[in-house]
Structures are given as structure tokens and as C-alpha cells.
Amino acid sequence: MQPAQDVSNAGKTGAARHGYDAIDGVPASAENNPLNTGRWFTTSLAGSMALPSAAGGSYRSDPEWCEALRMVSADRTDSVLRGKKGIAGVPTSCLNLCNVCLGAGTVAMPFAFRNVGIVLGLILLTVVCGFMAFTSILLCDLSRLLPPEANASYGELMYEGFGPRGTTFVQVVVVVVMVGISTIYLQLVGDLAAPPIGYWLGDTPDSYCSPWAQREAPMVFAAVLELALCILPTFTALRYVSLFAIVSMLYLTAVVTVKAGMAWGEKPAEDDSLVMFRFDEGVFRSIAIITFAYAPHITLVHIYDEMRNPTESRVRQWLTASYGSCWLLYACVGSFGYYTFYGDTHGNVLLNHEVDDIAVTIGRLCVVISVLAGFPCLAGPAVVALDRLFFPRSPPSDWGRRVVWVVVFVLACFGLAVLVSRVEVVLGVTGAGGLTVTAVVLPCALYIKQYKEAVGWCGNLKTKLCWATLVGGAVFGLVALAVNINDAVQPAPSKACTWPLDCPPQRCCTRSGGYDPPGVCP
């Protein structure tokens, strides 16, 4: 990786090395063709991602891979839609980064606090936030080493640091992460849509036991809808869901906080008292969920590239304001959500609220619409990555193989969503596995590698912190992954079921579709 000031070899580095125009980021053959600019411009999660060319040993940028990955950033960031570098101020960049962070992790934050208590939960939230901010600074430092004409991106950094093998590894991680997040999206659709359906069908035990009110019914509908949306070659309009998504998260934060205020002063049951501090294996469940909530790193590099005058002080302001805002929101949802339901807090806190609560129902539907619209933006890069992993030297396929991979991806996510009913388990596995690698391990390893000649393996404080973060993140990630995988294979805990006091009636339905009290429900 060449320093940004050295442009003597610009033709062999960054975008120019891949055959891109140094100013517009388009191939020379497309420079004067405005119809090609939108397809070739690499404002993406992976930017000029290098892949083996059909000719043999040389490497080139794959425009379809870039275009598919661009949709992830475009769905969650506002300035990306303009496709220009250096135009976003600090406030806009803060909004973009918060947009990426806020999502499924928000509704699971009270469950993270339930595992460790409010005090330790706030401590872990602060510690993980600090480490994520540190690794974000590392990525910004590494981005400064790219030549100014390059389209800075996570994929470009991995290629510059680790070469073609790093690119392949990033593709594998992208598939794993996107499958995990998309599975969570389908789980949220099923869990959040099923109870209102039972309520609208009559609000009786039998209505909740109707096949239409089971979580699998909305998930089937969502899977069919996503199959159709993901097969489409473009889905630009879905990118505008980002503002709706962040408004939904803010609305849910307000609802959870107000509900906690309404429950203020109610004495919890003796066997279900409010826990302030608990240190056991639940720490690793909480760390995985918090990591999931604080891992925007794949898109962060591109948001940095969009910043206007990204000096160190402005970057610090941006990251401090962004992560600080997310910390405040997560702290409110986590502590107030847990305070409201204590030991009964579910992995998705919205499932704790009554189905006839209009305010909560509105929040449920907002989340469902957000995830339905966001699913194709996650499927796109995973589908293209799968095609490149199995057919690296074949030309891109708009329909044939693409349709096959879309079907495989959607069915895999649907199968996992049906097989694992608890959203917190998939969220924990994804956070402890794929996102720990992309947000902790790779940034630290890349920084150590790129700066070893200048400062040595442990030459300064930042490098030493990199080693500590790398080793600590890898160890905690592996242990948290093991804990969450063990949770996935264990049956869900059960309790006596008497509707409507103890549990939702749809959890007590027999296989024949009838209600069978007194039964057992998770």
C-alpha cells in the first residue's frame, strides 16, 4: 500500500491499477458514456474489489460485484446516493453511521442486559463501544494510505493489505454475515407479524392457533416476496428505506422508555428480582449481541471516503458523536426494556408487550416493513459473492446462475429462521462469528501488517493496543461463538402456560392447530 502523497505509481495502485479513471472511477472505455457511469462507479462496501480475470494471473475490478455490494451502503447511507467523494459534513456522516448501526440489535439489547444485569450491561456496552471506535479509527488511518484517486472501501483495504486471498476471505465473510442478518430479518417478520394476525382474527386462543397466525406463515410470505425482489437485476428504490428504518428505531426507543416509566415502582416477583450485576456465561451472550449492534465497519470506510476534509479531529468528532448517540439509544432500550420485564425479557423485547397495544403494534409493523425492504440489499452482495467463489473465471450472470443463487440464499435463510426460533441465538452467532472478524480481527491485523516497517510489530502504543484488541477479540469471539452455538442446539426453556396470563397462546398450540391448556410454552 503506497502513502497517499506518493502518486508516482498511481497507475498501478487503487482504482487506476484496476483500469479505472483516476477522477470519475469509471473504466476508460466508459469515461464519456453517462449511461455506464452508474454501473461502474464503485461507491460500495467493497469498492474496487479485485477478482481473478479470465486471462489468468492478473486481477481486475468486477463491476457486478461492486454494484451488488454498493447496495448495502446505498440502503443504509444517505450521501452514498449522490455518488461523490468528499461532500458529506460531520452531521451527515454521523447520521449515515448511526443508520448502519441501528437495526436488529436494538430489539435484542434488553435481552443482553437480562444476561448480565443493568450495571454490567452498561459496562459491557461502554467497553465494546470503545473497542469498536478504536478499530474504526484504524480503518480510517489505513484509508489515508490509499492514493487519493482510489475509491476507499473495506474490500480495497483488504486487497491492498492481503492481496487476492484477502479478497476471497472477505467474500466468504460477506456470505456468512449476510446470511446471518437476513435470517434475523425473516425471524423478525415471523415473530412480529404473527401475534397481530391472531389478534385481528378474533383475539381468542383458537385464533392465535390458526395456521395464519403462526410465525411460519408471515415468514413464507416474506420468503416468496424476497425471492421476487432479489431476482430483479436492480432495486434502487429500496435504498430509500434507510430514513424510515432509523425513524422506526427512534420510535421503538421512545415506546420502550415510556413503558418502563409506566412500570416504575412495581415490585418484581421474589424469584425474578432485578439483577444489577451477574458474571457468568451470559457475559458472552451479551458481548455477541452488543458486537452485532456496534459493527458498521464494512460500510464505515466508504462513509469516511464521503466525508469532506476528513482530518483527524473531524474524524474523532464524527466517531465520537456517532458511537455516543448509539450508546445512548442502546443504553435506554437495554436498561429500560430489561427493567420493565426483568427475567421474562425475550430476545426480541417487542414480544413482551401486549398484542393489543396500539403503540407497540405500530412499532412492530414499522420494523417488519423496514426488514422486508432491506432484505434484497443484503442478498445482493451475498449472491454475487457465491457466484464468484464457485465460478471465479466465468462472466457475470444476470439470470441463469443468479436465479439459482438467489433461491439457494433465500431458502437457506428461511430454513435457518424456521429451525432456530430464537432471534437472539442467530444474532449472537452472527455477532460472535462474522462481525467479530470484520470489525475486530481484520482491522487490527491489517494495521499491524501495514505499519510494521515504520514502527515495528509493537513499536508504538496504537500497535500494542492492536495486538491486545486482536487477541482479546479473537478469544472472546470464539468463546461467545461456542456459547451461542450451544444455545442454538439446546431446547428453549419452558414454563406452564395459561393464556393470557403466562405466555402467548400461539406458543401453546398443538400440532393439529388447536389450543391445549394447561400446556407448556417457551
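Everything quoted here is computed from the prediction, not taken from an experiment.

Draft legend 1. Representation of the overall build of the protein within the structure. Check the secondary structure of the protein and you find 17 helices and four strands. A total of 522 residues make up the protein; the buried ones form 57% of that total. Across the protein, every contact between residues at least 6 apart in sequence was considered, and the portion connecting residues at least 24 apart equals 79%. Carbon and sulfur atoms provide 65% of the accessible area of the protein, an area that totals close to 21,300 Å².

Draft legend 2. Summary view of a nonpolar patch on the surface. There is a patch of nonpolar side chains on the surface, built from Val119, Ile123, Val127, Phe131, Met276, Phe277 and Phe279 and spanning about 680 Å² of accessible area. The topology assignment puts Phe131 in helix α6 (residues 118–144). Residue classification places Phe131 among the partly exposed positions, given a relative accessible area of 41%.

Draft legend 3. Seen up close, the confidence of the model for the protein. When pLDDT is averaged along the protein, the result is 74; 72% of the residues meet or exceed 70. Within the protein, the element-level pLDDT minimum falls on helix α2 (residues 34–40), averaging 26, and the maximum on α6, averaging 93. Throughout residues 1–84 the model reports pLDDT below 50, and contacts reaching past four residues in sequence, or to other chains, amount to 199 contacts.

Draft legend 4. Spotlight on the packing of helix α11 (residues 282–293) against helix α17 (residues 461–489). Two numbers describe how α11 lies on α17: the axes approach to 9 Å, and their chain directions differ by 105 degrees. Judged by the inter-axis angle, α11 sits roughly perpendicular to α17. Contact with α11, carried on its side by Phe284, Arg285, Ile287 and Ala288, involves Phe476, Val479, Ala480, Val483, Asn484 and Asp487 of α17 and no other residues of that element. Of the residues belonging to the contact of α11 with α17, the class tally is seven nonpolar, one polar and two charged.

Draft legend 5. Looking closely at the side chain of Ser322. With respect to the helices, strands and loops of the structure, Ser322 is situated in helix α13 (residues 312–341). Judged by its relative accessible area of 1%, Ser322 is buried. If near-sequence neighbours (up to four positions away) are discounted, Ser322 is found in contact with Ser93, Cys94, Leu97 and Cys98.

Draft legend 6. Layout of the pattern of salt bridges. All chains considered together, the criterion is met by eight salt bridges. Between Arg144 and Asp141 there is a salt bridge, and its shortest N-O distance comes to 2.6 Å. Highlighted residues: Arg144 and Asp141, both in helix α6, separated by three residues, approximately one helical turn. Owing to a relative accessible area of 10%, Asp141 belongs among the buried residues under this scheme. The salt bridge involving Arg285 is made with Asp487; its shortest N-O contact spans 2.6 Å. Remark: Asp487 occurs in helix α17 and Arg285 occurs in helix α11; sequence separation between them is 202 residues. By the burial criterion, Arg285 is buried, and Asp487 matches it.

Draft legend 7. Structural detail: the environment of Ser421. Tracing the backbone shows Ser421 in the loop between α15 (400–419) and α16 (423–455). Overall, Ser421 belongs to the partly exposed group, its relative accessible area being 36%. With 234 residues separating them along the chain, Ser421 and Gln187 place their C-alpha atoms 7.2 Å apart. If sequence neighbours within four positions are ignored, Ser421 has contacts with Gln187, Asp191 and Arg215.

Draft legend 8. Representation of the packing of helix α7 (residues 154–200) against helix α14 (residues 358–390). Axis separation between α7 and α14 bottoms out at 8 Å; the angle between their running directions is 155 degrees. Between α7 and α14, the angle falls in the class roughly antiparallel. Classified by chirality, the crossing of α14 by α7 is left-handed. Of the residues that constitute the contact of α7 with α14, the class distribution is 26 nonpolar, five polar and three charged.

Draft legend 9. Spotlight on helix α12 (residues 297–306). For α12, a buried count of 10 out of 10 residues is recorded, marking the element as mostly surrounded by other parts of the structure. Within α12, burial applies to His297, Ile298, Thr299, Leu300, Val301, His302, Ile303, Tyr304, Asp305 and Glu306.

Draft legend 10. Fine view of the packing of aromatic side chains. Across all of its chains, the model carries seven aromatic pairs by this definition. When the centroid spacing of 5.7 Å and the interplanar angle of 35 degrees are considered together, the rings of Phe284 and Phe476 count as tilted. With Phe284 in helix α11 and Phe476 in helix α17, this residue pair connects regions lying 192 residues apart in the sequence. Ring geometry for Tyr447 against Tyr451: centres 4.3 Å apart, planes inclined by 25 degrees, an arrangement best described as stacked. Of this pair, Tyr447 and Tyr451 both sit in helix α16, four residues apart, which is roughly one turn of that helix. Put simply, the rings of Tyr294, Tyr323 and Tyr330 pair up and form one aromatic cluster. When the ring centre of Phe391 is taken as origin, the NZ or CZ atom of Arg401, which lies over that ring, is 4.8 Å away.

Draft legend 11. Main features of the nonpolar core. In this structure, Leu188, Tyr294, Trp318, Tyr323, Tyr330 and Phe409 are the most contacted members of the largest nonpolar core, which totals 115 residues. Considering every element that reaches this core, the biggest residue donor is α7, with 17 residues. Ignoring any residue separated from it by four or fewer positions in sequence, one finds Tyr323 in contact with Leu97, Cys129, Met132, Ala133, Ser136, Tyr294, Pro296, His297 and Leu300.

Draft legend 12. Structural detail: α7. Look at α7: only 46 Å from first C-alpha to last across 47 residues, short of the 69 Å you get at 1.5 Å a residue. Within α7, the axis deviates most sharply at Phe162, by approximately 135 degrees, and proline Pro164 lies no more than four positions further along. Along α7, 37 of the 47 residues are buried, which leaves the element largely enclosed by surrounding structure. Just past α7, the residue Gly202 takes up positive phi, approximately 145 degrees.

Draft legend 13. Looking closely at the state of the cysteines. All told, the structure shown has zero disulfides when counted by the stated rule. Free cysteine Cys98: the closest other cysteine sulfur is in Cys326, separated by 3.9 Å. Residue Cys98 is classed as buried on the basis of its relative accessible area, which comes to 10%. For Cys326, a relative accessible area of 1% puts it in the buried group.

What counts, and where the lines are drawn
Residues numbered from 1 in each chain as written. Predicted model: local features only at pLDDT ≥ 70, side-chain atom pairs only at ≥ 80, totals over all residues. Heavy atoms only, no water. Helix = DSSP H or I, 4+ residues; strand = E, 2+ residues; numbered from the N terminus. Buried < 20%, exposed > 50% of the residue type's maximum accessible area, 1.4 Å probe, protein only. Contact = heavy atoms within 4.5 Å. Areas by Shrake-Rupley, 256 points an atom, 1.4 Å probe, with all protein chains shown as cover. Patch = residues over 30% accessible without salt bridge, like charges linked within 9 Å, V, L, I, M, F, W, Y side chains within 5 Å. Salt bridge = Lys/Arg side-chain N within 4 Å of Asp/Glu carboxyl O. pLDDT = per-residue confidence, 0-100. Axes fitted to C-alpha atoms, helices over the stretch in contact; angles between N-to-C directions. Parallel < 35°, antiparallel > 145°, perpendicular 65-115°, else oblique. Nonpolar A, V, L, I, M, F, W, Y, C, P; charged D, E, K, R; others polar. Left-handed = near helix turned anticlockwise from the far one by under 90°. Phe/Tyr/Trp six-rings, centres within 6.5 Å; stacked < 30°, edge-to-face > 60°. Lys NZ or Arg CZ within 6 Å of the ring centre and 35° of its normal. Core = buried A, V, L, I, M, F, W, Y, C linked by side-chain atoms within 4.5 Å. Expected span 1.5 Å × (residues − 1). Bend = angle between axes of the 7 residues up to and from the residue. Disulfide = S-S within 2.5 Å.

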